[in-house]
Each structure stands twice: as C-alpha cells, then as structure tokens.
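Listed below are the residues making up each chain.
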Amino acid sequence: MIIFDYIYYRVYHLYLIKWKDDDPKLYSVTLVSLLQGMNLVSIMFFLLFILGERIEINKLYSTGFFIILILLNFYRYRDKAKGYRFFEDKWQEQNKNNQILLGYSIFIYLIVSVFTFIWSAML
C-alpha cells in the first residue's frame, strides 16, 4: 500500500500547492481508487483468460465496484493520522533527485496500469 500512499500524497500535494484547489482529497482518492480498480480488474481478466473463461462487463457492477473502492479509500485517508499531513511529515524532506525519480516512477506505473487494463480487457 506504500505506493498508493505515495501517489495519494503526490497528487494531493500537486492539487493543494501548485493548482491551489479547494478539495485535493477528492482528486487524490479518485486517482488512487482508479489505479487500484484497474489493477484488480486486469488481474481478474488475466486469470479468466488463463482459465479460458469469457465474461461481459456489466456497467452497473463496474460502477458499484469503483464507488466501493472510492469509499474505502476515503475511509482510509479520512483522518489526520493517515491523511496528507502524516505523509507530508514522512516525505517532505526528500531530496530533489529522489522526488523526481519517484515522480517518474509514478508516471510509468500509471501508464503501465492503463495499458495493462486496456490489454486485459481486449483478451
């Protein structure tokens, strides 16, 4: 879960500091939930492909699954103990090179997650 915590922190920080948004938690929780959902669905599709099964995607179930993930992540990051300030204390002292490297890593993870999701959905 550390990677998702770091993504939450970086997206929250981006919306709060750079773009001065009023509700950065909404964006950070939504992105973390979207990535988690795409990863879980990709794994499920890949396992079904190995087993030789084919399923149709139900929009209602997909939407419900995504909403559940968002609610679970809002619950996870709800209080100050696991919210932005906790992660800021943990990661704000990073040197610039490490911060840039981790930023690129997040971007690569995001791209790989999206392409894996699309690829697994087309199997």
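The coordinates are above.
Predicted, not measured: the structure shown is a model, and the values here were computed from it. (Residues numbered from 1 in each chain as written. Predicted model: local features only at pLDDT ≥ 70, side-chain atom pairs only at ≥ 80, totals over all residues. Heavy atoms only, no water.)

Novice: Before we move on, could you go through the side chain of D5 and cite the residues and values that matter?
Specialist: Tracing the chain through its elements places D5 in helix α1 (residues 2–18). The exposure class of D5 is buried, given its relative accessible area of 4%. Separated by 2.6 Å, the side chains of D5 and R76 make a polar contact. For D5, the side chain forms a polar contact with the side chain of Y77, separated by 2.6 Å. (Helix = DSSP H or I, 4+ residues; strand = E, 2+ residues; numbered from the N terminus. Buried < 20%, exposed > 50% of the residue type's maximum accessible area, 1.4 Å probe, protein only. Polar contact = N/O pair within 3.5 Å; in protein donor to acceptor, adjacent residues only side chain to side chain.)

Novice: How would you explain the packing of aromatic side chains if you had to name every residue and give the values?
Specialist: Here the structure, examined in full by the defined rule, presents 15 aromatic pairs. The interplanar angle of 15° and the centroid separation of 4.4 Å between the aromatic rings of Y12 and Y84 together place this pair among those described as stacked. Here the residue Y12 occupies a position in helix α1, and Y84 occupies one in helix α4 (residues 84–91), the gap between them amounting to 72 residues. Comparing Y12 with Y84, the two get one shared label, buried. Summarising the aromatic geometry, the rings of Y15 and Y27 are spaced 4.2 Å apart at their centres and angled 5° between planes, so their arrangement reads as stacked. (Phe/Tyr/Trp six-rings, centres within 6.5 Å; stacked < 30°, edge-to-face > 60°.)

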